[in-house]
Amino acid sequence: MNEYLTREIWKMRKNIKTEVGTPVVSLVNVSNKTYQLLFMSCGCDNACTFCNYGFDYNLTLEMVKPELEKIDLKGVDIVELELEANGSFLSEREIPYDLFIEILRFVSHKDIPIITMETHYKTITESKIKDIREILGQNQEVHFELGLESANEDVRNIYNKDINLCEYLEVARLCERYNIALQINVLLGAPFLTRQEQIEDCLDTLKFIYNEMPKGTHAVLFPINIKNNTMLKHWQDIGVYDQISSWEFVELLHRIPEEYLDKFTIAWWGTRENAFTKGIIQHPKTCKKCNERLMNFYTDFYSNWDPSYRKKILNDIWETRCDCDK
């Protein structure tokens, strides 16, 4: 990571104040039958330029367990449950080991088809994976969601991402040995690139994921959201960066080869907030005329994985795109 960027980003994060009454853990609906179990941990020790994961609670088992037990997972129709910290769920700095084990026990044997854990690749160890398999069982479908953002080192440097691709692929192969699937985050909207360069970067990153990573790996495509107390927001404030158009995200989706259309999902397209982002986030730009149509399109795309159907609705919306993008 860049020392200057890292130092300045940590300064910004210290300005973040957790709203009084924010729970240490909460169950949040993402979309349809996908839910997140959110833990307000002490904050990520990485320093990405687009991220404002600040410094919140120093979680302990004694603090979290009583609140966790109030959540009724069996009373909710869940297809996928995402375990999320304020950074990396497998980081023992954020989620102490005894709490990690308790959370695994809490979600085990609840008949949840998919359990996903978002974490930095450097927090994944074989011993942690063995704990997961021992408690959740060999037959539980488990995913790890990992940030990559871009396969291009120069772009990752703009994001201040601390990633070694060789080590990253080694971790991917370790996960494959334990039948843990991967969801790899890809970010659209890198600062200091043109719109077409941003789109090409995402397309190249998808090629890297599907050519180099284990078979069955899925991508998660994000359009950049500008959050307060981030370097992105600072760059916007001084006039060297601005929020991307939502239609750029549609253009990216429209340009993805059809053979990839059932191999990725999308996230953070403009309707979502949680305890980390409420009131402090700029979604991709739309106008009043096209906003509702775009939000309905994204929900439809997210909910349907059939590549021919996805191709059809992509063609339809791109051919009738709003004047605000022309």
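Details of the structure are given in the entry above.
This one's a predicted model, so the numbers in the text were calculated from it and none came from an experiment.

Let us now look at the pattern of salt bridges. When their charged atoms lie close together, side chains carrying opposite charge are able to pair. Within the structure shown, the criterion is met by 13 salt bridges. For the salt bridge of Glu8 with Lys11, the shortest nitrogen-to-oxygen distance reads 3.3 Å. Of this pair, Glu8 and Lys11 both sit in helix α1 (residues 3-13), separated by three residues, roughly a single helical turn. Among the residues examined, Lys11 registers a relative accessible area of 48% and is labelled partly exposed. Put simply, Glu92 and Lys128 hold a salt bridge, and the shortest N to O gap is 3.5 Å. Of the two residues, Glu92 sits in the loop between β3 (80-84) and α3 (97-107) while Lys128 sits in helix α4 (residues 126-136), which places them 36 residues apart along the sequence. Looking at Lys128, the relative accessible area reads 4%, which means it is buried. Ionic contacts of the salt-bridge type, sharing partners, join the residues Arg195, Glu251 and Asp325 into one network.

It is worth spelling out unusual backbone geometry at this point. Not every positive phi belongs to a glycine, and Asn179 is a case in point at roughly 55°. Of note in the backbone geometry, Phe192 takes a positive phi value of approximately 75° without being a glycine.

Bringing helix α11 (residues 307-319) into the picture now. Between its first and last C-alpha, α11 extends 18 Å over 13 residues, near the 18 Å set by a 1.5 Å rise per residue. Within the span of α11, buried status applies to Arg310, Ile313, Leu314, Ile317 and Trp318. The buried residues of α11 occupy an angular sector of 125° when the element is viewed end-on, so they sit on one face.

A few words on the environment of Gly147. Structurally, Gly147 can be placed in strand β5 (residues 141-149). Between the C-alpha atom of Gly147 and that of Ile184, which follows or precedes it by 37 residues, the distance is 6.0 Å. Beyond its immediate sequence surroundings of up to four residues, Gly147 is in contact with Thr119, Lys161, Ile163, Tyr168 and Asn185.

What follows covers the side chain of Gln36. Looking at the element boundaries, Gln36 is found in strand β2 (residues 34-39). Side-chain polar atoms of Gln36 contact the side chain of Glu82, separated by 2.8 Å.

The biggest cluster of nonpolar side chains holds 110 residues, and the ones touching the most others in it are Met117, Phe144 and Leu253. Beyond its immediate sequence surroundings of up to four residues, Met117 is in contact with Leu83, Phe89, Leu90, Leu104, Ile132, Leu136, Val142, His143, Phe144 and Glu145.

A few words on the side chain of Glu149. With respect to the secondary-structure elements, Glu149 resides in strand β5. Residue classification places Glu149 among the buried positions, given a relative accessible area of 6%. Residue contacts for Glu149: discarding those within four places in its chain leaves Phe50, Tyr159, Lys161, Asn185, Val186, Leu187, Asp201 and Thr205.

Glancing now at the packing of α3 against α4. At a minimum axis distance of 9 Å, the contact between α3 and α4 shows a crossing angle of 30°. As judged from the angle between their axes, α3 and α4 are roughly parallel. For the pair α3 and α4, the crossing hand works out as right-handed. Here Tyr97, Phe100, Ile101, Leu104, Arg105 and Val107 of α3 come into contact with α4, specifically with Lys128, Asp131, Ile132, Ile135 and Leu136. Considering only residue class, the contact of α3 with α4 consists of eight nonpolar, no polar and three charged.

The next point concerns the packing of aromatic side chains. The full count for this structure, using the stated rule, is 13 aromatic pairs. A centroid spacing of 4.7 Å and a plane angle of 50° characterise the contact between Tyr210 and Tyr260, whose relative ring orientation is tilted. You can see Tyr210 sitting in helix α7 (residues 195-212) and its partner Tyr260 sitting in the loop between α9 (246-255) and β9 (264-266), a full 50 residues away along the chain. In terms of burial, Tyr210 and Tyr260 fall into one category: buried. Look at Trp269 and Tyr302: their rings are 5.4 Å apart centre to centre, the planes differ by 55°, and that puts the pair in the tilted class. Within this pair, whereas Trp269 is found in the loop between β9 and β10 (281-282), its partner Tyr302 is found in helix α10 (residues 291-303), the two being separated by 33 residues in sequence. Neither residue differs from the other here; Trp269 and Tyr302 are each classed as buried. Each residue in the set Phe249, Phe264, Trp269, Phe297, Tyr298, Phe301 and Tyr302 is aromatic and connected to the rest through ring pairs, giving one cluster. When the ring centre of Trp268 is taken as reference, the NZ or CZ atom of Lys227 above it lies at 5.7 Å. The lysine or arginine in question, Arg310, covers the ring of Phe264, its NZ or CZ lying 5.3 Å from the ring centre.

Conventions used here
- Residues numbered from 1 in each chain as written.
- Predicted model: local features only at pLDDT ≥ 70, side-chain atom pairs only at ≥ 80, totals over all residues.
- Heavy atoms only, no water.
- Salt bridge = Lys/Arg side-chain N within 4 Å of Asp/Glu carboxyl O.
- Helix = DSSP H or I, 4+ residues; strand = E, 2+ residues; numbered from the N terminus.
- Buried < 20%, exposed > 50% of the residue type's maximum accessible area, 1.4 Å probe, protein only.
- Expected span 1.5 Å × (residues − 1).
- Arc of directions from axis to C-beta.
- Contact = heavy atoms within 4.5 Å.
- Polar contact = N/O pair within 3.5 Å; in protein donor to acceptor, adjacent residues only side chain to side chain.
- Core = buried A, V, L, I, M, F, W, Y, C linked by side-chain atoms within 4.5 Å.
- Axes fitted to C-alpha atoms, helices over the stretch in contact; angles between N-to-C directions.
- Parallel < 35°, antiparallel > 145°, perpendicular 65-115°, else oblique.
- Left-handed = near helix turned anticlockwise from the far one by under 90°.
- Nonpolar A, V, L, I, M, F, W, Y, C, P; charged D, E, K, R; others polar.
- Phe/Tyr/Trp six-rings, centres within 6.5 Å; stacked < 30°, edge-to-face > 60°.
- Lys NZ or Arg CZ within 6 Å of the ring centre and 35° of its normal.

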